[in-house]
Amino acid sequence: MKLMKLFTHQMNISGGGGFTQDLVISSKDIPGLKVGDVVEIYHPEDEYSRLLIQVTSLKEELQHRDALSLDQAVASTFQLRALLQVYVKAINPSDISLDLVELTFKDQYVGRSEMWRLNQNLIGSAVYINKKIEFCQLVRCQVNEMWSKGERVAGGLITNDTRIVFRSASSMVYLFIQMSSEMWNFDVFGDLYFERAVDGFLGDLFTRWKKEGCNHEVTIVLFSRTYYEAASIDAFPSEMRSKVTADFRGRFYEDYYRVLVHNERSDDWHKMLTQLRIAFNSYPEEVLEASHKKYGQQNVPKAYNSSASHGNFLEVLNMSLNVFEKHYMDRSLDRTGQLSVVLTPGVGIFEVSRELTSITKQRIIDCGIGSDLVCVGEQPLHAVPLLRFQNKDMLDTDDYNIPHWLNLSFYTTNKKLGYSNFVPRLRLPVSPSTKDNVRLMKSQSERIHPGCETGSLNQLFDYDAYDAQVFTLPTQVQRQNFKPVTRKESRNTSVPPEVNPEQKKSIPTRPVGLVDYLSTSHAPTLFQPRKEFGKNYDSDDTPGSRTVIGSEGSPLERQLAYRPKSRPGRALINPFDPSRVPVKHTSGRRRWIHIYPRQPDGTTLDLGFKVALDSESYKKLADYRVQLRSTKVADEPFSPALTTGVDWKSLTTPACLPITTDYFPDSASLQKDYVVSDYTISPDDVNVDDYNRKGSRRPLETSQVYREFISQRLAQGFQLIVLPALSKSSARHISVREKSADSIKKVVNPSSSFIRSLSHVDPPTKESLLSIGRIFHKITLLGSAITVTGYKPRHPYDGRKFSYIYNLRTPYIKYYQCLRTDFYTEKLQHFNWNHMDHYICTGGSPDYALTESSKYWRLRMCFLPLDYSKRFRQDPPSPSANEDRTFDGFTKFLENTVNRMRHSSKKKIHSPLERTMSTIQKGEKTTRTRVHSVRGRVEKSSFRPEGRNSPSLDLESSTSSDSLYQEKPSSEPPKKITADSPLSEVADILKCSLPFLEKFEDLLPPTTFLSYEAIHYLVEDHGLSRACAGELLQKLLSEGYIIHASGSKTVLHFVPGFHLYCFSKISSPARGKEEAIGTGMAGDYPAFEEEFVEVNYDRYFENDLCQLINCFKADDEEILIDASKKYRNDLHKLSVFKEAYIDVDVTGRSDRKEWGHLLYPSYFTPNASFVAVLKWVEATGVVIFDLVLGWVRKAQINGFLLVPMPMDPLFIGNSGRCDPFRAPLTIPMNVKVIEECLEKFPASHWLHRLWLLHDAVARRFSYIPSIFENTRRFQVQYVHATGYSFLVMPIAPEKDSTVSISNRLSYFSKVGSSNADSNFGSSDYGLPLIEKNGLRMPCGFLWVANYLLTKKWKVSQTKESQIVDENAHSKCFQDLTRFCQDETFLRDFFRL
């Protein structure tokens, strides 16, 4: 310990001057101090504020002796005052080791792979509260909380045993508010439960979000269940019968969902409270009267709202899971984490289907999604949450379940009653009238014991004896008549003492039970009827040993006689004392255990409770819920004094799924319940043919492959298994059959160095255990071979699917649409890890291409010409005056940004590309010098960083480094090229005039040029037509003067566009002879296509409105047929897609090799959008974000608007990829006007003319044709010029195409709801129909907004491209709807 003087400084992270460390200290002041040591700093007079900080560097000498300097922010946090004396003491690292560290991040996508790499990087480093951590200039986070030995601490050292929890302040949050009948009831303080939920809980939650600076992407949904007083389905109108569902007791209901906001962000959400109050006032009428308004008041039975316990609780959780499971699609790059919050006025009791409960449980555990249930009702005197099962095979039995996969919170107010401090926690159900009550009691007493009076019932029945029998496991005698108990069952179940025959006779039937009134519902008891499985196994248990929990029968009418039922392996639970139920130790229950800190005795501490007892009792009772989660049998009895508070931390900054867990089955379970399979990969042998290949795709080393195997499994939801020290040694020998030297030799090349050195098998050099659900992987690195051993359950779960019909209202409409979705469990055991591992090992080889089942991350982007965005202000838009400007801008974007090639500056071509740049960059001079770096490593001298996120190169200072092929400029002007010029002369002129791409790592020949520039040069400088220039270059290719840049002789056609060609021979002045030029790709055209993005240029799709209208009104049948035929051909060409390899880490910031793939159309036309999909598996989210942000900026410079697009823009309710809370809106057209126009023409032409009409209307409102990679044949979709919305025409220019489109929307066609205010007759897709010659032709559009276009994308756009405001999509929808329905507008439009 030494007394030193404290100075402060401001830390300069950029390194531009000043200190870059948070601690500056001299080695001379404290002898023996070295880098990596941890020191403690505090004032002598203030020993309670101490800073633990690590020495990252030592200075030889400071300006002052016996002094040190701290960062100002750190000194302020720990109340260390400058220019005062402080004690500095070196600390033993073992004394300050941390048990748990919480890191918080915001506004970035941090995958689980990055979390693991950051975790590994932090081992051995000291952290303190609020410390900012940056990993490879990629992940930025802050230390939020630390725990050591059961206490919060302000600093410590991260060790191998430290658990690191990641929390996100920018998550996707789905907030569901259950609008059950209790919302309109009053609590004990005289407030409506809605007021308690909205003004109380939501007000406090939004305040905490604002205080913590959260930037969540929030969706708020109101949901409820509406019942109908109907005896049979015949009581409903025929059109409504397909939408109504019957529950367990034959009651009919509909579920309603109203989306108030969807995927929105805000700095202050308190303004949303007003919108919620408005929705509350109108919700009962709009839901209860929705069907009556649509089908007639007299035709629909009376409706009433359900109670909270009978509501659609599990359904709403599964609908959010449908969104969360597709997190890898439409990947947002500025948020991390997913949270589902259900706010209910109930008390945590729900009556549910056993089948749907099993599906929900398995999905939540497998996905690792946080699900919070917040109750505003008073906490009952029994265990909650409580699920009550319904089983139609056992009508006299009630089964209960306490789900461990729900995070329960109870919100209470600080109000107090004026007359008492007592707050009742039990809400009695509404009792019937006095006469009815007496009659009911008499009838029940006569049923149970004829001749006995009601008042004597309590004297006849021994309730304690009854409970002792019910809430115990069946005896061994009872089990012997059923399936034998396995060893696992006998280990996890306790057998009660034998009951003698006299005691059995004294156990009576229970007439009334307290469990009957747990739900406190005010509506008739309703249950969900669904097909039950023959084997309802828990997702955590193996068949034959499942522990089923429940409660014996409760309804008053069923207590006729006690009939003990033997149930193999079933244990019943008493909700008033659930701690006595044995709970099985499973991987599902341990999945989230590592987010909780440990106490000194090793137990896990959960902080979501408040107990009205002394501190010692708290220690006993606070662990109850944690014991349920950690699958320990609670030793202490349940007490109603244990009350649950609100887990504000989970609701404010949700935790991500922990990287580690601690459960692995023992060897006996592995042999009995699991099937073992393994395979061995030797990266050296797999990549033997790729080490000498040229290009950016390089194979990985063995150690890198091993780490990436672990990384990819973590990214797919696996967790690393951390076993105690005693179990680690035994875990290495748990495999049923270990790999021996002989078995390895069978799969590894015998000539490899690994086999030659394998005289005996040594212990594994590295080994990792991972798990997800009941699937376990063991990855072993042994020499140069990696062995993957998989353990799959011997009895996997059956595929479960639950079809669900619901009514949805989105923010843009005032009516409900009836849709359908499916809930199903994913079969994780079918994931092809062998294929994925080979993909990683080969560095992304096309031989192991990513498939849909690979669940790779993807982002679809759309390139829109800014020309269209600017003309959005005009009415109507005119055809493009200069399409060459669009071609030039796209060429420069592909050259500089995507392909990153470098262009020679030896010759300048005067082309419209320069005029384009001078137009876009006002007043800024541009040169023909264009610099690119071909994929691969680029020398540092060629880079000029443009900010942190810029992957671009220096466009001014780069010049050709190789002058071998530089031609000496001639004083004479070049000859004019004509169509009849000799080919040798044409080739010589082009060699001297075209700029060549510089060679780099021999990937390109030295005379490589672009086909677009060659054609443009012949047109601009020699006056040839485009057709003549193309024919002339085709002759050069056919005669061998030029070849494709890949060197392949199979490329026989010269393609105009961004295609690379080179001269096959070049004159060598030094040798005076013709010399063949070699190519880097050695004639491998598929490898060249993988390396470079090549696109054809052409002019497709008519863009002149007048021309489209003239085709529509043409009397000549040939004109109409030609227009349809041309459209079909254009659509077919634009539907061809190619894929290229992308080096995503341009600046080399990552600690590993990263890559991706770009799926793009093979054709580009100025009159349609260019849609590309970026796919990746081996890439960091921040690296992808920087890459895309650079593309957005470069696209704007080159005259394009780059916007994200959903993978399924239509959001049809029965689509597997869809968001169930989104649906396309219908825009019907005025059938009367359309039929008047079509009556003038033959009926056989109506389909073609109707298609032309729709196309012209879409172009009128600046919608551009858009072709996707999964577009069906002749299916036409449009994107708005601003990217804010999409259109689709449910009609196409062929008879059979309408059927193919309608198949995808078939269910939406049958039950889809059209606008209730429209009077256009019957509808398909909610659209009016024109029926002619047996064809049903829908008339109108389907419209949907682009929800991926968030504020961050809008802010990234330049002022010139920000054409429209925030509400532009809503205004566009209203204008288009008004135009399609107004007779005057349509007639005027046809007269164009």
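Residues numbered from 1 in each chain as written. Predicted model: local features only at pLDDT ≥ 70, side-chain atom pairs only at ≥ 80, totals over all residues. Heavy atoms only, no water.

### Examining unusual backbone geometry
Cut-off, in case you're wondering: A run of H or I in DSSP counts as a helix once it spans at least four residues, and a run of E counts as a strand once it spans at least two, with each numbered from the N terminus.
Backbone torsion omega between Val-384 and Pro-385 reads 0°, so that peptide bond is classified as cis. Inspection of the secondary structure puts Pro-385 in the loop between strand E21 (370–375) and strand E22 (386–390). Not every positive phi belongs to a glycine, and Asn-263 is a case in point at roughly 50°. Within the secondary structure, Asn-263 is located in strand E17 (residues 252–264). The phi dihedral of Asp-330 is positive, around 50°, even though this residue is not glycine. Its place among the elements puts Asp-330 in the loop between helix H6 (313–324) and strand E19 (338–344).

### Some details on the sheet that holds strand E23 (residues 399–401)
Sheets are built from strands paired through backbone hydrogen bonds, the pairs being either parallel or antiparallel. As a reminder, the rule being used: Pairing between strands is defined by DSSP: at least two bridges between the two strands are required. To get an axis, fit a line to the C-alpha atoms, keeping to the stretch in contact for a helix; angles then go from 0 to 180 degrees between the N-to-C directions. Here, two residues are considered to be in contact whenever any of their heavy atoms come within 4.5 Å of each other.
Reading across from one edge, E20-E22-E23 is the order of the three strands in this open sheet, with mixed pairing throughout. Single-partner strands in this sheet number two, and they are strand E20 (349–353) and E23. Between one strand axis and the next, the sheet turns by 35° as a mean value, whatever way the strands run. Along the sheet face, helix H7 (residues 354–367) touches E20, E22 and E23 and points at about 100° away from the line of E20.

### Considering the pairing of strand E10 (residues 139–148)
Spelled out, the test is: Partly exposed describes any residue whose relative accessible area lies between the buried limit of under 20% and the exposed limit of over 50%, with all areas from a 1.4 Å probe on protein chains only and scaled to the type maximum.
Counting buried positions over the ten residues of E10 gives seven, a clear majority of the element. Relative to E10, strand E9 (residues 132–135) runs antiparallel, the two being bridged by four bridges. Its bridge partner lying in E10, Ile-133 is registered against Cys-141. Here E9 folds back onto E10, and the loop between the two strands holds three residues, one of which, Cys-136, carries a positive phi near 55°. Where E10 meets strand E11 (residues 151–152), two bridges bridge the pair, whose relative direction is antiparallel. When the sheet's bridge partners are listed, Trp-147 is paired in E11 with Arg-152. Two successive antiparallel strands, E10 and E11, enclose a turn made up of two residues, where Lys-149 displays a positive phi of approximately 55°.

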